[in-house]
Each structure stands twice: as C-alpha cells, then as structure tokens.
There are 2 protein chains.
Amino acid sequence: MEVCFTPLPADFKDNLNKVYEAIEESDFLAIDGEFSGISDGPSVSALTNGFDTPEERYQKLKKHSMDFLLFQFGLCTFKYDHTEEKYIMKSFNFYIFPKPFNRSSPDVKFVCQSSSIDFLANQGFDFNKVFRNGIPYLNQEEERQLREQYDEKRSQANGAGSLAYFSPNATKCPVTIPEDQKKFIEKVVEQIEDLLKNEEKESLELEPCTGSEELNDAVGFSRVVHAIANSGKLVIGHNMLLDVMHTIHQFYCPLPDDLSEFKEVTSCVFPRLLDTKLMASTQPFKELINNTSLAELEKRLKEVPFSPPKVESAEGFPSYDTASEQLHEAGYDAYITGLCFISMANFLGSFLSPPKNHVSARSELIEPFFNKLFLMRVMDIPYLNLEGPDLQPKRDHVLHVTFPKEWKTSDLYQLFSAFGNIQVSWIDDTSAFVSLSQPEQVQIAVNTSRYAESYRIQTYAEYVEKKHEEKQAKRKCTEDSWKEMERKRLKTQGTPYVSPTRYYCVNSFTGTSTVGKRSMSPIQEETGSDDMEEGDGQDSEYDQTDYCVESLPDGKKRAKKFKKIKTEQVPAGSLTSSSTGIFEVPETW
Amino acid sequence: MEVCFTPLPADFKDNLNKVYEAIEESDFLAIDGEFSGISDGPSVSALTNGFDTPEERYQKLKKHSMDFLLFQFGLCTFKYDHTEEKYIMKSFNFYIFPKPFNRSSPDVKFVCQSSSIDFLANQGFDFNKVFRNGIPYLNQEEERQLREQYDEKRSQANGAGSLAYFSPNATKCPVTIPEDQKKFIEKVVEQIEDLLKNEEKESLELEPCTGSEELNDAVGFSRVVHAIANSGKLVIGHNMLLDVMHTIHQFYCPLPDDLSEFKEVTSCVFPRLLDTKLMASTQPFKELINNTSLAELEKRLKEVPFSPPKVESAEGFPSYDTASEQLHEAGYDAYITGLCFISMANFLGSFLSPPKNHVSARSELIEPFFNKLFLMRVMDIPYLNLEGPDLQPKRDHVLHVTFPKEWKTSDLYQLFSAFGNIQVSWIDDTSAFVSLSQPEQVQIAVNTSRYAESYRIQTYAEYVEKKHEEKQAKRKCTEDSWKEMERKRLKTQGTPYVSPTRYYCVNSFTGTSTVGKRSMSPIQEETGSDDMEEGDGQDSEYDQTDYCVESLPDGKKRAKKFKKIKTEQVPAGSLTSSSTGIFEVPETW
C-alpha cells in the first residue's frame with residue numbers, strides 16, 4: 001500500500017532520488033510521525049494543563065516526551081496538475097531505527113510506553129520492520145563528528161603519499177588500497193577508463209572520495225529531512241507540535257532550552273508549516289467542524305459545504321483507500337492530512353468573487369494559518385506562534401488553588417459552590433487552576449480564603465509572579481532573545497520579514513468564556529468516560545489515560561458571526577499584502 | 001521449534017496447566033531471559049570494573065540495567081527417566097509484554113538499547129510477537145492492589161443484597177447482574193442446574209466469585225514464576241545474575257537497596273540456583289574448559305572427557321537441534337544450559353568409586369555450586385555468594401589512580417613503567433585501578449607520586465576507606481542486616497541452615513595473580529579488538545562496546561593441580577555431609 005523503504009538500507013539508498021524528486025516537484029508536503037511513546041513522566045493531565053503557557057507546554061514536552069523514538073515517518077508529496085485539475089500524490093513510509101553504525105557510533109537508548117506500543121500493535125504496526133530494517137540516522141553534531149573521523153582517516157592514509165597528486169613522477173611506488181575503499185576506487189578507475197575510450201566525453205564528474213558513501217549511509221534518513229528543509233516547501237501536519245519537536249530533536253539537534261530558541265531552530269528546519277488541526281479549529285472552519293480529530297475531519301471535509309479533493313497517486317506509486325481507514329500508518333496519516341488541507345484551502349476559494357475551486361499552497365489565502373502549531377488542550381491559547389511572541393490571554397478569572405492531596409474535583413466544586421459554574425484544571429496532586437465565570441468573583445474568593453488552613457487560593461497573576469521570581473535567576477529574557485532571533489532571521493534569510501497577511505478573524509477562543517468549545521469537563525474527568533472527543537493518533541493515546549475531554553455543553557454554543565470577505569479590489573486568487581488589516585487578529589484572546 | 005505462548009493470552013491460559021505439570025514433575029529447571037537492553041548509563045567498562053566489590057556490582061546493575069524489559073523468558077524442564085536412562089525435556093518460550101490491563105493499570109515505560117535490539121534482530125528475534133501478543137504480568141504489590149480493587153468492587157456490588165444469601169425469603173427482588181459478571185453467573189447457574197438434575201453428584205465445587213478470572217489474566221506470566229518459586233526445584237542458568245535480578249524486579253518487587261536484602265529476596269524466589277558459567281569456571285572444569293561462553297561450552301561438553309547428555313523432548317513437545325545453533329531464543333538457550341549442566345554433573349560422577357554415569361540434580365556432588373552467581377569480569381571474586389557474606393580478596397597490590405581526562409591506557413603504562421607488568425581497570429574518564437605484580441611495590445608507587453600535580457595515587461585500602469566514610473552516613477551496617485537475614489531465614493524456612501558441602505577446591509582465582517585466566521588485557525581494550533573471549537548472550541552484547549576482553553597470555557598458563565577425590569568412605573552417589581571438609585573453600589581468594 002505504500003512505497004516502503006524497509007527491506008534494506010540499500011533499498012533506501014536506491015530510492016532516495018525518487019524521494020528527492022517527489023519533494024522537489026511538489027506544491028506542498030504532508031508529514032506524520034509515529035512514536036514509541038508520548039509521555040514519560042507525570043500524569044498526562046499534569047502534562048497538558050489547560051492553563052499552560054506555550055513556554056510551559058514546550059518545557060513539559062521537551063522534558064517528558066523526547067526520550068521516545070520517532071520510529072515511523074510518513075511523507076506524502078502533492079503536486080497539482082493544472083491540466084487535469086487534480087493533485088498527484090506520492091506517499092512514502094519510512095521505518096527508522098538508530099542501528100549502531102560502527103563501534104564508535106552512538107548506542108542510542110530510547111523509551112517505550114506500553115500503552116503507545118499496545119495502541120500501535122492493535123493497528124497492526126510492524127515492529128519487526130522498525131527493528132530489523134529501520135533506516136539509521138545521525139543528527140548534525142553526530143554527522144560532523146563522523147565526517148571529522150573520515151577526514152582524519154583520509155589524511156592519515158594519504159600521509160606523504162599525497163604528494164603524488166602534485167608530482168606524479170616523484171613517487172611511483174604502489175599504494176596499498178584499504179579494503180573498505182577498494183570498491184570505490186574500482187568504480188573510479190572504470191569511469192576514467194571509460195572517459196579515455198570515449199571520444200565524445202570531455203570531462204568526468206567524480207564523487208568526492210572521502211568515504212562519503214559510508215557517511216551517507218550513516219546519515220541515512222536525516223538526508224530526507226534535510227531535503228524537506230532545504231526545499232522550503234510548505235509542510236502540512238495534523239496536531240504536529242510533537243512531530244516537529246521529535247523531528248528536530250532526532251535529526252538536527254537536541255531541543256534548545258528556551259521556547260524562543262526552539263522557534264528559531266524550527267524556522268530553519270521548517271520555514272513554512274501548517275497545522276490542519278489548528279486550521280480546522282479556526283474560523284471559517286470552526287463553525288462547520290465539530291470534531292477535529294484526523295479521521296473525523298477527513299470524513300467531514302468530504303461533505304457540503306466542502307468538496308472532496310481530487311487526488312490521484314502517481315504512476316508507479318500505490319494508492320491509499322480512504323474507505324478502509326488505515327489510520328496510524330504514518331504515510332497514510334500524512335496522506336489524509338494532505339487531503340484535509342486541500343479541502344480546506346479550496347473552501348477558502350469560495351469566499352473570493354468570483355469564487356475559485358482550486359486554491360494553491362502558494363495562495364495568500366492560507367498564509368494566516370502558517371507557522372501556528374495547535375496547542376492540545378490549552379483553554380485560551382489556540383496555538384504556538386512560531387513567528388513571534390505568543391498570545392497572552394487575560395486570565396483574570398483564574399485562581400490557583402493548593403490543597404491536601406486527598407482532595408478530589410468534587411471538593412473543589414464544593415469549595416467554590418457559591419460562585420456558580422467553575423472549571424477545574426488539575427496541575428498535580430495538590431494544586432489546580434480553577435476558573436470562575438466572572439473575573440469580579442476572583443478577589444472575593446481570595447479574600448474569603450485568607451484564614452483557611454487546609455487550602456490556599458491566589459490569583460493567576462500572583463501565581464505567575466511567584467513562579468517568575470523563582471525562575472528569574474536562571475531564565476534569560478525571552479523578549480530580548482526573541483528580538484535577537486528576529487534580527488538573525490532577517491540577516492540569514494535575506495528577505496524582509498512580512499507579518500502574515502490576515503484575512504479571517506481567528507478570534508474564536510476567548511479567555512473569559514467558560515462555555516466555549518475548548519472548555520473542559522471536570523465531571524467527565526472524574527468518571528473517566530470513554531466518550532472521547534479526539535480520535536487521532538496522539539490525541540487518542542493521551543486519552544487512554546485519565547485526561548479530561550473537551551466537550552461542548554448542549555445548547556450553549558456561542559453564536560459567532562463569520563464576516564464574508566469582500567475582495568473586489570483584489571484580483572481573485574492573487575490577494576496581495578495590501579489586503580492586510582481587513583481582519584484583525586487581536587494580540588490577546 | 002518451541003511451545004510458544006504468543007498467539008493470545010487465551011492460549012497462555014489454556015496451556016498453563018501444562019507448564020505447571022512440567023515444573024512439578026521435573027528434576028531441575030533451566031531458565032534464560034532476553035532483554036531490551038543491558039546497560040543504560042556509564043560505559044560498560046565502568047559498569048563492570050575488574051575490581052568491583054559484589055555490593056558495587058549489584059548497585060551498578062540495579063541502577064543501570066533494571067529499566068530494560070525482560071521480554072522473552074525461556075523455561076526448560078528436565079525429568080530423568082531411570083528406565084530409559086535419559087532426560088525428558090519440555091521447552092517453553094514466553095514472550096512478555098506489560099500490556100496495560102485496564103485504565104487504572106500501570107502504564108509501564110521501559111528502555112530499549114539500540115545495540116541490544118539490533119543484536120536480537122540479527123538473530124531473527126520476533127518483536128511483533130512481544131508487542132502484539134506478549135503475556136502481561138504484575139508484580140506482587142500490583143497484584144495486591146488489583147485484588148483489593150476487586151474485593152472492594154465485590155463488597156460494593158453485594159451491598160445490602162448480600163443478606164439474600166442468609167435469608168432467601170427476606171429479599172426476593174431481582175438483582176441486576178453487572179455486564180462483566182454475566183458470563184460467570186451463567187456458568188454457575190448451569191453447573192447448579194446440572195447438579196440438581198444429576199442424581200449421582202452430591203456436591204459441587206464452585207470457583208471463587210471474586211473476578212479472580214480477570215485477576216489471573218492480569219497476573220499473567222508472574223504465575224509461571226510463582227510456580228517455579230514454589231516448586232523449590234533447582235533452577236539452572238548461564239551467567240544468570242541479570243536474569244535473576246530482572247525476574248525478581250519484574251515479577252516480584254523492585255530490587256532492594258542493599259545486596260544483603262537482595263540475597264534474602266532471592267532465597268525466597270529461587271531457593272536453589274546453579275550458574276553453569278560459574279560451574280564451568282571452577283575446578284574440576286576450569287582446567288578442561290577454555291571458553292565458558294554458552295555456545296562454546298555446549299560444544300566442549302560433547303567431547304572427552306565429557307559425554308553428551310542423553311536428552312529427548314517429551315511427546316507433543318518439539319525438539320531443538322543443537323547443530324543448527326538457534327542461540328538467543330530464550331527457550332533454546334535454557335535448553336543448552338540444561339545440557340551443559342547435565343554433562344558437567346555427570347562428569348563429577350566419574351570421580352566416585354565406583355564411577356557413576358548419572359549424577360542427579362539432587363546429588364550432594366553438585367551442592368558446592370549452589371547459590372553462587374558468576375560475576376562477569378571481576379578479577380578476583382568469581383561469584384556472588386547468595387548464602388552468606390561475599391569473598392573478600394586481598395587487594396594489597398592494587399592502586400587507585402586519578403588523572404586528567406586526556407589520559408589513555410598508554411599514559412598509565414608509562415607512569416608505572418618502572419614496576420613491570422601492570423593491569424589497568426578503568427573506572428571512568430579520570431580514574432582507574434592499577435594492579436602491580438608485587439604488593440611491595442604499592443607503597444613505593446604511592447611515595448613517588450606524593451608531589452605529582454596532574455595525577456594522584458592511593459592504595460586500594462585508602463580508596464575503600466574514603467569511599468566508606470563518604471557513604472557511612474546513609475548506609476546501614478551490612479554485617480548486621482546479614483545476621484538479621486540469617487535469623488529470619490532460619491525462622492521462616494524451619495530447617496537449620498547448613499553451609500554448603502565442599503568437595504572441590506574452587507580456589508582458582510587469586511587476587512595476586514596478574515597472569516591468571518581472568519586477567520585483563522588493556523592493550524586489547526585500547527585497540528577495540530573483535531577477538532572476544534565471550535560469545536554468549538549478555539557477554540557478546542557487552543562486547544559490542546569498548547569493554548576490554550579477558551585473554552590468557554600465551555605460555556603463561558599457570559599450572560594447577562587438581563586433587564582427585566578419594567571417596568572410599570562414602571557410598572557412591574550418596575555422599576553425606578560427613579564429607580564436608582575434604583576440600584576447603586578458602587574465605588578469601
């Protein structure tokens with residue numbers, strides 16, 4: 001069902017040009033990863049607290065998720081055929097394993113989480129393909145070190161003999177060819193003989209003779225990631241923060257300490273990202289899509305007002321059948337992600353006058369969705385903004401409560417029973433955020449608790465300040481490093497930084513709303529209901545634990561007005577930056 | 001090739017009685033484990049320093065090896081058929097995986113080491129069987145907790161309705177049967193109806209209605225380990241310290257902090273252990289066996305003066321072909337281990353007069369080898385003694401040296417060039433033990449180094465004392481806890497503690513010898529030679545790293561005298577404890 005590079009590294013090598021070609025010719029790429037685990041640490045509810053700041057979330061994922069292995073990487077390339085008015089798709093499924101390359105290569109240790117492994121096993125995941133035939137990889141530092149080893153070896157081998165290159169007559173003694181270089185030398189000799197025989201040829205391009213063949217084998221799958229990075233193509237993923245973090249961590253460098261540095265690294269590896277889960281959660285899609293899990297989203301986007309995308313697999317490439325639902329093979333998930341993107345992008349074309357059926361990956365219509373990664377289960381910050389500082393929602397209705405570890409959610413409900421509707425977001429055994437429906441209630445709650453002995457209540461602002469004080473010593477000023485990053489970015493890219501053009505009001509998450517779509521249901525958390533909202537990979541694995549679900553209380557759907565865009569001044573499909581400002585993205589939510 | 005309980009837990013359940021029966025009828029058992037990794041931590045040379053104390057080695061393995069998963073357990077049972085004069089063998093291969101049992105069951109995380117996984121993959125190990133169909137397990141505490149949950153659930157379900165059992169007329173309202181108990185209730189109703197119909201039957205034995213069926217499923221493979229433990233049978237392994245540690249850690253309890261407590265726990269789980277690697281490394285075998293790796297040992301023991309054992313697989317059980325060498329399937333390795341034991345045990349019979357061809361697992365001839373686990377690559381302590389305090393070799397010829405991290409083995413050779421033959425055992429980047437050939441040289445070396453700035457030399461005794469001082473605060477007195485353990489053991493076992501009968505002088509390791517069989521070759525360590533002495537599972541995995549090998553310098557084999565046992569006073573095959581003392585095992589080596 002897929003072009004699968006599992007049998008042997010040799011197969012991978014032979015097919016690598018196919019992959020390069022597919023990336024190069026594509027309009028956009030979709031990716032997906034499968035991991036040996038999700039969270040190695042606190043309970044998942046603590047890992048994904050509803051009031052995490054983006055910085056906190058990044059730190060948690062970095063600390064508790066990076067010891068797992070990204071062991072399957074799905075890549076799907078999409079190229080638009082203007083004549084046939086359809087996309088041509090090429091799907092690749094890479095099994096990845098850090099097989100020790102030689103005695104001095106790193107002996108990687110990675111963690112497996114039983115629930116994740118069991119989940120993949122139930123999907124028919126082939127672990128033998130990973131461990132027996134997985135493609136190796138090196139990060140950039142490991143590659144550099146190995147390259148140095150080769151260079152050193154070569155210079156030692158050459159020694160005095162290297163003079164021969166400059167003065168052929170000086171030394172004519174035969175040089176012993178090391179066993180591991182014989183094949184390469186033989187090939188070169190053959191090519192030179194061929195050049196001498198062939199009168200038409202005048203020059204010959206030789207491969208660098210640095211043991212680079214072996215080096216390339218060791219760099220392995222990282223070469224594909226480099227090709228993706230260097231292509232500068234738009235890269236699509238669904239709920240892709242962990243995919244991006246793992247990809248960088250495994251194939252580039254250990255994740256940086258600060259979120260701002262992570263954003264900088266990401267902008268180098270993936271200059272243009274689009275998260276379909278974030279796109280589907282944003283206007284104009286939010287109103288039309290109830291469930292943004294990958295499988296459900298794909299189904300929804302086949303129905304009106306959306307249109308199923310026209311996609312065919314390229315000649316010689318096997319096709320996927322969306323009806324048979326092979327979810328959780330990375331290549332298939334990447335394919336479905338691509339389909340979702342196409343449907344949503346094309347839907348945006350319907351707002352143009354005249355409407356357009358096809359909206360390309362280069363269209364400015366989709367730019368507002370660039371470089372914003374969906375933040376799982378954060379109540380009031382929909383995304384991690386890779387292109388600047390993150391949103392800072394008002395949290396003046398939120399309290400931070402500490403209490404004895406025997407307390408349950410019901411105890412908190414009782415404590416705040418005078419304040420009407422509340423929401424509880426557990427931090428750990430002895431603390432939680434409690435959000436009230438009215439900011440005015442906050443001070444009352446704090447005041448009434450002043451003499452309580454078993455619990456302690458402070459405002460969110462007080463909590464943040466204390467935390468900040470604790471960390472001040474060791475933390476750099478994020479603002480400064482952000483500016484520095486911007487400066488570097490402008491310098492290296494050579495193109496002026498243009499803030500993303502904004503067409504749609506993505507203001508659908510509000511910090512003060514307690515009944516919005518992203519509200520949390522602590523009752524369901526308590527009962528551990530099976531009725532999960534999310535169904536896609538990472539989500540459903542999280543959901544195997546006790547994490548609460550997001551649900552929409554009946555009859556409380558907030559009416560939202562979607563403002564239809566007038567684009568009379570702008571030629572269809574070619575909106576320019578002059579349209580910036582038609583819709584404002586507020587700085588806070 | 002093996003009875004393999006992989007397809008479904010149901011298969012495991014159905015065949016469990018077969019396993020119980022095989023254990024119960026056997027004369028002895030052989031076991032072997034395959035792990036997802038060996039060492040997660042320092043370099044293996046640091047993990048297995050040649051001058052580790054047993055306590056240090058235990059602590060290192062506990063710290064750096066227990067996060068791996070024992071995911072294949074081989075069990076081979078051997079029963080002697082006196083009529084046919086041969087052993088009947090039953091081999092079992094269990095794939096093990098901590099599949100989460102339900103939402104509240106532990107979500108186990110375990111580490112994989114690439115080199116170990118790659119090693120097993122090359123042996124054709126089937127990872128899909130582990131992860132898709134592995135048998136779950138619980139340790140004793142997890143089992144207790146789950147049992148409590150069931151008991152609580154049951155007492156809640158009974159509630160007031162439980163009165164019905166005592167007074168059938170009082171409450172006649174129908175009771176709702178929970179969905180998960182329907183099958184069980186239906187079965188019981190059927191059995192009762194059957195009893196009422198059948199006039200011959202007078203009583204009916206019902207299964208306990210505690211959800212124990214489900215509980216048994218969750219306890220899973222731990223039931224096999226319990227059966228082994230409860231059988232009290234002799235359990236054989238090859239180089240089995242890690243197998244024993246993992247088995248206890250995974251199926252009984254987290255490993256205790258102190259070695260003495262570990263010995264205590266081990267005596268409960270495995271009251272009688274025998275390590276074939278230790279046996280083969282001890283007189284009278286030591287002189288006859290050059291290579292004690294499992295594969296080589298098995299080959300050697302087929303040749304004179306040994307005899308290949310007569311072993312057949314039981315009816316309905318598949319047989320292994322030792323010629324095809326399926327090493328590293330745990331069941332096969334356990335089988336080979338059993339073969340080695342039989343050959344060696346029978347060889348001991350040749351020293352009796354009249355000689356005996358068959359020496360049973362109950363013979364006192366093998367008692368000297370009981371409960372001594374081989375210590376990998378410790379220079380002067382051959383085994384971990386499970387039945388008492390460990391040997392304390394004199395280390396008055398050993399120096400502890402600290403130096404800059406740039407130093408290599410050659411620097412140490414140069415430093416000690418005046419002292420003739422030395423041996424280097426690396427501890428970490430900046431320290432090593434150096435053993436000199438003469439204890440008298442030690443003080444000279446210390447004195448001459450007094451004013452050195454880049455390095456520091458102290459005697460082994462000084463090093464130990466400093467280390468002891470550092471740890472004194474937090475460490476209990478091992479001697480006291482050992483006495484306490486002995487006291488408890490005598491109390492619980494109800495049988496007097498008999499020190500093992502000693503027939504053979506196992507004094508083949510000497511602390512002062514620098515050219516003995518267990519000497520280390522730092523030169524080979526430096527060059528990373530492929531020529532490894534060890535070839536069996538754990539060993540060869542260690543050997544993939546930079547750990548030095550043990551080799552015997554040519555022409556320096558120390559002549560050892562083997563004292564042939566005179567047993568005229570003792571009836572053949574029935575040596576009694578009166579023979580204790582014929583050969584002394586010295587308290588130090």
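What counts and how
Residues numbered from 1 in each chain as written. Chains lettered and ligands numbered in written order. Predicted model: local features only at pLDDT ≥ 70, side-chain atom pairs only at ≥ 80, totals over all residues. Heavy atoms only, no water. UniProt positions renumbered as here; feature names shortened; annotations may be inferred. Helix = DSSP H or I, 4+ residues; strand = E, 2+ residues; numbered from the N terminus. Buried < 20%, exposed > 50% of the residue type's maximum accessible area, 1.4 Å probe, protein only. Contact = heavy atoms within 4.5 Å. Areas by Shrake-Rupley, 256 points an atom, 1.4 Å probe, with all protein chains shown as cover. Lys, Arg positive; Asp, Glu negative; His and termini not counted. Salt bridge = Lys/Arg side-chain N within 4 Å of Asp/Glu carboxyl O. Axes fitted to C-alpha atoms, helices over the stretch in contact; angles between N-to-C directions. Parallel < 35°, antiparallel > 145°, perpendicular 65-115°, else oblique. Nonpolar A, V, L, I, M, F, W, Y, C, P; charged D, E, K, R; others polar. Polar contact = N/O pair within 3.5 Å; in protein donor to acceptor, adjacent residues only side chain to side chain. Pairing = 2+ DSSP bridges. Buried area = accessible area lost by both parts, 1.4 Å probe. pLDDT = per-residue confidence, 0-100. Core = buried A, V, L, I, M, F, W, Y, C linked by side-chain atoms within 4.5 Å. Least-squares fit on C-alpha atoms with pLDDT ≥ 70 in both. Phe/Tyr/Trp six-rings, centres within 6.5 Å; stacked < 30°, edge-to-face > 60°. Lys NZ or Arg CZ within 6 Å of the ring centre and 35° of its normal. Domains from an automatic or database assignment.

Looking at an unreviewed UniProt entry, one finds chain A named Poly(A)-specific ribonuclease PARN and attributed to Limosa lapponica baueri. Note on chain A: under the UniProt heading Catalytic activity (unreviewed entry), the record states "Exonucleolytic cleavage of poly(A) to 5'-AMP." According to its UniProt record, chain A has this under Sequence similarities (unreviewed entry): "Belongs to the CAF1 family."

A. Geometry of the overall build of chain A. Per the secondary structure count, chain A includes 20 helices and 14 strands. When each of the 589 residues of chain A is scored for burial, the buried share is 52%. The contacts of chain A with a sequence gap of at least 6 include a subset with a gap of at least 24, amounting to 76%. Of the roughly 27500 Å² of accessible surface on chain A, 50% is carried by carbon and sulfur atoms.

B. Spatial organisation of the side chain of B:D32. Residues and elements named next belong to chain B. Relative to the helices and strands, D32 resides in strand β2 (residues 28–35). Lacking a salt bridge, the buried D32 has K277 as its closest oppositely charged neighbour, with an N-O distance of 12 Å. If near-sequence neighbours (up to four positions away) are discounted, D32 is found in contact with Q72, F73, G74, D243, A330, D333 and A334.

C. Fine view of the UniProt feature "domain: Poly(A)-specific ribonuclease RNA-binding" (unreviewed entry) in chain A. As annotated by UniProt and renumbered to match this structure, "domain: Poly(A)-specific ribonuclease RNA-binding" (unreviewed entry) occupies residues 388–465 of chain A. For residues 388–465 of chain A, the end-to-end C-alpha separation is 23 Å, with 27% helix and 28% strand making up the annotated structure.

D. Spatial organisation of the packing of helix α10 (residues 241–251) of chain A against helix α11 (residues 259–269) of chain A. All names here are of chain A. Look at α10 against α11: their axes get within 11 Å of each other, and the N-to-C directions meet at 80°. The angle between α10 and α11 places the two elements in the roughly perpendicular class. Contacts between α10 and α11 involve L241, V244, M245 and I248 on the former and, on the latter, F262, V265, T266 and V269. Residues of the contact of α10 with α11, tallied by class, amount to 7 nonpolar, 1 polar and no charged.

E. Looking closely at the pattern of salt bridges. A complete count under the given rule lists 39 salt bridges over all chains for this structure. In this structure, A:R57 and A:D52 form a salt bridge, with 2.9 Å as the shortest nitrogen-oxygen distance. A relative accessible area of 3% places A:D52 in the buried class. Between B:E296 and B:K299 there is a salt bridge, with the nearest N and O atoms lying 3.3 Å from each other. One end of the pair, B:E296, and the other, B:K299, are both in helix α14 (residues 294–300), 3 residues apart, so they sit about a helical turn from each other. The class of B:E296 is partly exposed, set by a relative accessible area of 33%. Overall, the relative accessible area of 37% leaves B:K299 in the partly exposed class. Within this structure, A:E21, A:E25 and A:K90 form a network of salt bridges that share partners.

F. Examining the environment of A:Y95 more closely. Residue and element names in this part refer to chain A. Within the secondary structure, Y95 is located in strand β4 (residues 86–95). A relative accessible area of 4% means that Y95 is categorised as buried. Distance in space between the C-alpha atoms of Y95 and N133 is 7.4 Å, their sequence separation being 38 residues. Engagement of the side chain of Y95 in a polar contact is seen with the side chain of Q72, the distance being 3.3 Å.

G. Helix α9 (residues 222–231) of chain A, seen in detail. Residue and element names in this part refer to chain A. The element α9 is largely enclosed, with a buried count of 9 among its 10 residues. Among the residues of α9, those classed as buried are S222, R223, V224, V225, H226, A227, I228, A229 and S231. At the exit of α9 stands G232, carrying a positive phi of roughly 70°.

H. Looking closely at the sheet that holds strand β14 (residues 456–459) of chain B. Residue and element names in this part refer to chain B. What the 4 strands build is an open sheet, ordered β12-β13-β11-β14; its pairing is antiparallel. Whereas interior strands pair on both sides, the edge strands pair on one side only; in this sheet they are β12 (422–428) and β14. Direction aside, neighbouring strands of the sheet carry axes that sit 25° apart on average. As paired elements, β12 and strand β13 (residues 431–436) share 6 bridges and run antiparallel to each other. Bridge assignment links Q423 to a residue of β13, and that residue is S435. Sheet contacts for helix α17 (residues 440–448): β11 (398–402), β13 and β14; angle to β14, the most-contacted strand, approximately 145°.

I. Examining helix α12 (residues 259–269) of chain B more closely. α12(B) sits mainly inside the fold: 8 of its 11 residues count as buried. Within α12(B), burial applies to B:L259, B:S260, B:F262, B:K263, B:E264, B:T266, B:S267 and B:V269.

J. Structural detail: the environment of A:E298. All names here are of chain A. Locating E298 in the fold gives a position in helix α13 (residues 294–300). As for E298 and A227, which are separated by 71 residues in sequence, their C-alpha atoms are 28 Å apart. If near-sequence neighbours (up to four positions away) are discounted, E298 is found in contact with T322, I336, L339 and C340.

K. Main features of the environment of A:Q438. Residues and elements named next belong to chain A. Position of Q438 relative to the elements: it lies in the loop between β13 (431–436) and α16 (441–448). In this structure Q438 comes out as partly exposed when scored by relative accessible area, which is 38%. The spacing of Q438 and L384 is 54 residues in sequence and 27 Å in space, taken between C-alpha atoms.

L. Up close: the interface of chain B and chain A. If you look at the interface, chain B gives 35 residues, while chain A gives 35 residues. For the pair chain B and chain A, the two sides together bury roughly 2700 Å², of which 47% comes from carbon and sulfur. By the criterion of area lost to chain A, the three top residues of chain B are B:R103, B:K109 and B:S114, representing 24% of everything that side buries. Across the chain B-chain A interface, the total number found is 2 salt bridges. Of the charged contacts, one joins A:D118 and B:K99 as a salt bridge, the two residues approaching to 3.0 Å between their closest N and O atoms. Viewed at the interface, chain A and chain B are joined by 21 residue pairs in polar contact (both at pLDDT 80 or more). Going through the elements one at a time, β5 (109–113), α4 (114–122) and α5 (127–133) of chain B are the ones with two or more residues in the side of chain B that touches chain A. The element contributing the most residues to the side of chain B that touches chain A is α4(B), with 6 residues. Taken together, the residues of the side of chain B that touches chain A break down into 13 nonpolar, 12 polar and 10 charged. The pairing of strand β5 (residues 109–113) of chain A with β5(B) spans 5 bridges and is antiparallel. If you follow A:C112 over to β5(B), its bridge partner there is B:F110.

M. The confidence of the model for chain A, seen in detail. Residues and elements named next belong to chain A. Of all residues in chain A, 70% have pLDDT values of 70 or greater, and the mean over the chain is 77. Under a pLDDT of 50 for its full length, residues 1–8 has, in the predicted model, 31 contacts with residues more than four places off or in other chains. Below pLDDT 50 for its whole length, residues 160–171 participates in 1 contact with residues either more than four positions away or in separate chains.

N. Region of interest: the nonpolar core. In terms of nonpolar packing, the biggest core is built from 138 residues, with A:L75, A:F94, A:F262, B:L75, B:F94 and B:F262 touching the most fellow members. Each residue touching A:F262, except ones within four places of it in the same chain, is listed here: A:Y58, A:L241, A:V244, A:M245, A:I248, A:L255, A:P256, A:L384 and A:L386.

O. Region of interest: the relation of the copies chain B and chain A. Superposing chain B onto chain A takes a rotation of 180° combined with a translation of 0.0 Å along the rotation axis, leaving an RMSD of 0.3 Å. On the angle and the small slide along the axis, the relation comes out as a two-fold axis. Closest to the rotation axis within chain B is the C-alpha of B:V111, separated from it by 2.2 Å. Interface residue correspondence from chain B to chain A reaches 100%, placing this contact among same-surface, isologous pairings.

P. Structural view of the packing of aromatic side chains. Evaluated as defined, the whole model comprises 75 aromatic pairs over all chains. Ring geometry for B:F97 and B:F110: centres 6.3 Å apart, planes at 85°, overall edge-to-face. With a gap of 13 residues between them, B:F97 in the loop between β4 (86–95) and β5 and B:F110 in strand β5 connect regions that are remote in the sequence. Against the face of A:F317 rests A:K18, its NZ or CZ located 5.4 Å from the ring centre.

Q. The arrangement of the domain arrangement of chain A in detail. Residue and element names in this part refer to chain A. With domains assigned, chain A is organised as domain 1 (11–140 + 219–385) and domain 2 (398–464). A C-alpha centroid distance of 38 Å is found between domain 1 and domain 2. Between domain 1 and domain 2, the residue contacts involve 8 residues of the former and 9 residues of the latter. At the boundary of domain 1 with domain 2, total buried surface from both sides reaches about 630 Å², with 54% on carbon and sulfur atoms. At the junction of domain 1 and domain 2, the tally comes to 0 salt bridges. Counting the contacts that link domain 1 with domain 2 gives 2 residue pairs in polar contact (both at pLDDT 80 or more). Of the residues in the side of domain 1 that touches domain 2, the class split is 3 nonpolar, 4 polar and 1 charged.

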